[in-house]
Every structure is written in C-alpha cells, then in structure tokens.
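This is what each chain is made of:
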Amino acid sequence: MAKEIRVAQPIGSVRRAGWRLGSIAGIELSIDYSWLLIFALVTFSLAQQLAGGGATELGIRVWLAAAAVSIVFFASILLHELGHSLTAQRLGIRVRSITLFLFGGVAELASEARRPRDEILVAVAGPLVSVSLGLIFLGLAGGLGAEGSLLGAGLAWLGRINLLLATFNAVPGFPLDGGRVLRGILWAISGDFTRATRVAGACGAIFAWLLIAMGLLAAVLGGQLVGGIWFVLIGWFLLSAARASVGQEALQRALADIRVRDTLVPVAGSLLSGSESVAEVLETLVLRQGRRTFFVVDPDGHLRGLVTLRELARTPADARSQTPVAQVMVPEERLATASPTQSGQWALARMVELGVNQLPVVSEGRVVGAVTREALLGVVRAHLLLGQETGARRGTPR
Ligand SMILES: [Zn+2]
C-alpha cells in the first residue's frame, strides 16, 4: 500500500537524489531512487496475483503486464499529487516540486494555506482524483467484460488500488489528506491554526501507532512478515511526519513572534570602505579572524555593497593586491536587505528563497547589523525549549 503526504518546507529545501521527469505548470516532477524498491515490490506481488488468478501462467507476458500496471499505478499517484498542487496554485500557493518516493508521493508547497477553506480544498482535491481514477479503471474493466483476462485483471487492480489510496488518505489524521481537512475544520471553528494542527497531528499519531500495532500483530501472530513490516514502516513514517509538521508549525509561530532587530548580529568588525585590496582583506580579516562576509559602506554608514569569501576567492591570485574590494563587491542595488521591524519568519523565508545565510539589515540606508539563519534558529530553539511557558501567549487567532 502506498500513501502520500504534502509538506510545506519553508525552512530549508532538501533536494532528494533522483531522476527529473520534467515539469508541469512550473512544478518540477521527479522520482527518488528509493522508488525503485517499491516499484520492484509492487511488480513482483502483482505478477503473483495476476498469474495466481488462474488467468495465465507466470511468464514474461505476466511480468511485462505487472510492470506496466505498476507504472500506471505510480502515474495515478502523480495525478493525485497534481490534484493537490494545481488546486493550491489556483489558490495562490506556490508549489515547488512533486517527488515520487518509497511511500508514495510528496508535493512540496512553498507555504501553508492562508484560510481554512483553502486548506480543505487543497486537501480534498487529491482523493477526488484518486476516486475518479478508481471508478474509471473499474468501469473500463467491467465495460471490457474482460475480468478473466490479463488486461481486465490489471484494470480492476488499478481501480481497487486507487479507491484504497483515496480511502487511506481520507483517514482524519494529520498529515494525511483527511487530517488536513480535519485541521481546516478545527481552524475554521476555533480560529487557532496552531491548536488545530496539534489536535489533527495527535489524531495522525494515534492512527500511526494503530498501523504499527497492526503491522506487528500481522508479522508476529499472522505470519505475514513482509506485509506486517510494511505497515510498521508506513506507521513509523506517518508518525515522524506528524511530529515534524507539528514541530514546524511551532517553529514558524516562534519565528513570526521574533523581530529582525531582536536577533541583530553586529557587523562593526566587517565594515569596509571599499578601497582595501582583496589581498589585504583576505590576509587580515579572513585568514586571521575567520570572517567571511563584509559590508562596504560610505563614510556616513550607507550601504554600497557586500563582499563574501566567494567574491574574494574568485579574484585571480596575481590580481588580488591591485584589486580594491569595491570592484568585486555585489553592489547595493542587487542586494536583498531586511529592515529591523520585519519578522524572523519573513527573513528566514527570504534567505531560503535566495539561497543565502544572511541579509544585511538596513535602517534609513545605514547598515545596522545582519540577520543570519544561525541567529534566528538559535532564538527559535530557545523559544521551543521554553515552549510550555510561551505557548499560551502564542495561541492567538491569525
Ligand atoms: Zn493526498
């Protein structure tokens, strides 16, 4: 049995290794290497089933049919994910990628839904696609009147597995689709997104433990070792996904409470006038003090540009003593900056989007410090450690 989840991943994109399939509507589609294992397992068990139905012997024809049906099955999962993703995009939520992997599919959304209604619509779209596919495949199998044939058996299996996929995902435990609907409903009723996530996540954890218990029972008492272990693995995966989602929501909430000015990292030792040579900066500031980022400012403190170790190192070694840093800096107009009053959530999202570790913080044109991923995460860790005390204050509607 395959399942799927969706993740909003604003903290840091983890690129999985795999094959790129292409893209649809700006969404990158790819297959993780772990998918090969599940493809082999599904093809293997499907071949046994198709041959076991008495329709035919386990020959090359059956193997090819089983492989073809497996591929259509995974295309079905992809369509389920596209159902979520295209609905999300229509509602203004950007979708980065869809990846097929060991436990099904993952669509990576750039952010969470802004309203309960959007959350519910995006969640429902996937299972709706699966139910439609299931009915179409069953209809084809019945319409062809070919239940005894290889084609008919394959179509019937696709119909059943798509309905099963929809049913499994309809279970009201976060982060399954049903759990997202539950969260949307709770969110709409209470106006409290954090508490809705926590309750839906707790339901998801209960369901995950049920799967693990059922898997253990099936493996130990029922003698169904492979199926049992598979249930345990899916349960364990769901459990960690439920915990991660709830943890991430708490983290986002903590970040939203922080202002950039609260985590300001001083930059006094990293200010340059621009006339220093690359060699000078490398020798005195980089190699002796370990600094990596420098701000080039006017005498009155206005930001002119930014130089990192990357720009310094890119300067050819024989030209370093004659090249002023102003010549290699990234000029101010091409720089992303933050203002002291912006939220930590905004700053981190911006850094992730740009693939940088820090932003200069500018107030009235003057550099007053920097905001870094490290400093923000340090503050968040402290918030989460003290979460019990501050939890009540964060439980406000948004
Ligand atoms: Zn789904």
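As a reminder, the structure under discussion sits directly above these lines.
About the criteria used
Residues numbered from 1 in each chain as written. Predicted model: local features only at pLDDT ≥ 70, side-chain atom pairs only at ≥ 80, totals over all residues. Heavy atoms only, no water. Buried < 20%, exposed > 50% of the residue type's maximum accessible area, 1.4 Å probe, protein only. Helix = DSSP H or I, 4+ residues; strand = E, 2+ residues; numbered from the N terminus. Pairing = 2+ DSSP bridges. Contact = heavy atoms within 4.5 Å. Core = buried A, V, L, I, M, F, W, Y, C linked by side-chain atoms within 4.5 Å. Axes fitted to C-alpha atoms, helices over the stretch in contact; angles between N-to-C directions. Parallel < 35°, antiparallel > 145°, perpendicular 65-115°, else oblique. Left-handed = near helix turned anticlockwise from the far one by under 90°.

> It is not clear to me how the pairing of strand S11 (residues 366-372) should be interpreted in this structure. Could you clarify?
Strand residues, when the strand is regular, have side chains that alternate between the two faces of the sheet. Across the seven residues of S11, five count as buried, placing the element largely inside the fold. Relative to S11, strand S10 (residues 358-363) is paired through six bridges, and the arrangement is antiparallel. Residue pairing across strands places proline 360 opposite alanine 370, the latter belonging to S11. Where S10 folds back on S11, the antiparallel hairpin that results is connected by two residues, among which glutamate 364 adopts a positive phi of roughly 50°.

> Can you help me understand the side chain of serine 343 in this one?
Looking at the secondary structure, you find serine 343 in the loop between strand S9 (330-331) and helix H11 (344-354). Sequence-distant contacts of serine 343, that is, excluding residues within four places in its chain, are made with Leu255, Ala256, Ile258, Arg259 and Val260.

> Mind showing me how you'd approach the nonpolar core here?
One recurring pattern in soluble globular proteins is that nonpolar side chains are buried together. Counting 56 residues, the largest nonpolar core has Leu50, Phe73, Phe74 and Trp157 as its most contacted members. Top element by residues in this core is helix H2 (residues 60-90). It accounts for eleven residues.

> What is the right way to read the packing of helix H3 (residues 116-143) against helix H5 (residues 177-190) from this model?
When two helices pack together, their arrangement is given by the angle between the helix axes and by the axis-to-axis distance. Following both chains from N to C, one finds H3 and H5 inclined at 160°, their axes separated by 8 Å at the closest point. Relative to H5, the element H3 lies roughly antiparallel. For the element pair H3 and H5, the recorded crossing hand is left-handed. Residue-level inspection shows Pro116, Glu119, Ile120, Ala123, Val124 and Pro127 of H3 in contact with H5, the latter providing Asp177, Arg180, Val181, Arg183, Gly184, Ile185, Trp187 and Ala188.

> I'm lost on the environment of isoleucine 212 in this one. Help?
Within the fold, isoleucine 212 resides in helix H6 (residues 193-220). A relative accessible area of 11% places isoleucine 212 in the buried class. Separated by 26 residues in the primary sequence, isoleucine 212 and leucine 238 have C-alpha atoms spaced 10.0 Å apart. The residues touching isoleucine 212, leaving out its near neighbours within four places in the chain, are Val232, Gly235 and Trp236.

> Teacher, can you tell me more about unusual backbone geometry here?
Excluding glycine, residues mostly carry a negative phi; peptide bonds, for their part, are mostly trans. Following phenylalanine 174, the chain continues into proline 175 via a peptide bond in cis, with omega recorded as 10°. As for its position among the elements, proline 175 is in the loop between helix H4 (150-169) and H5. With a phi angle near 50°, alanine 25 is a residue other than glycine that sits in the positive phi range. Relative to the assigned elements, alanine 25 resides in the loop between strand S2 (18-24) and strand S3 (27-32). A positive phi angle, near 50°, is found at glutamate 364, a position not held by glycine.

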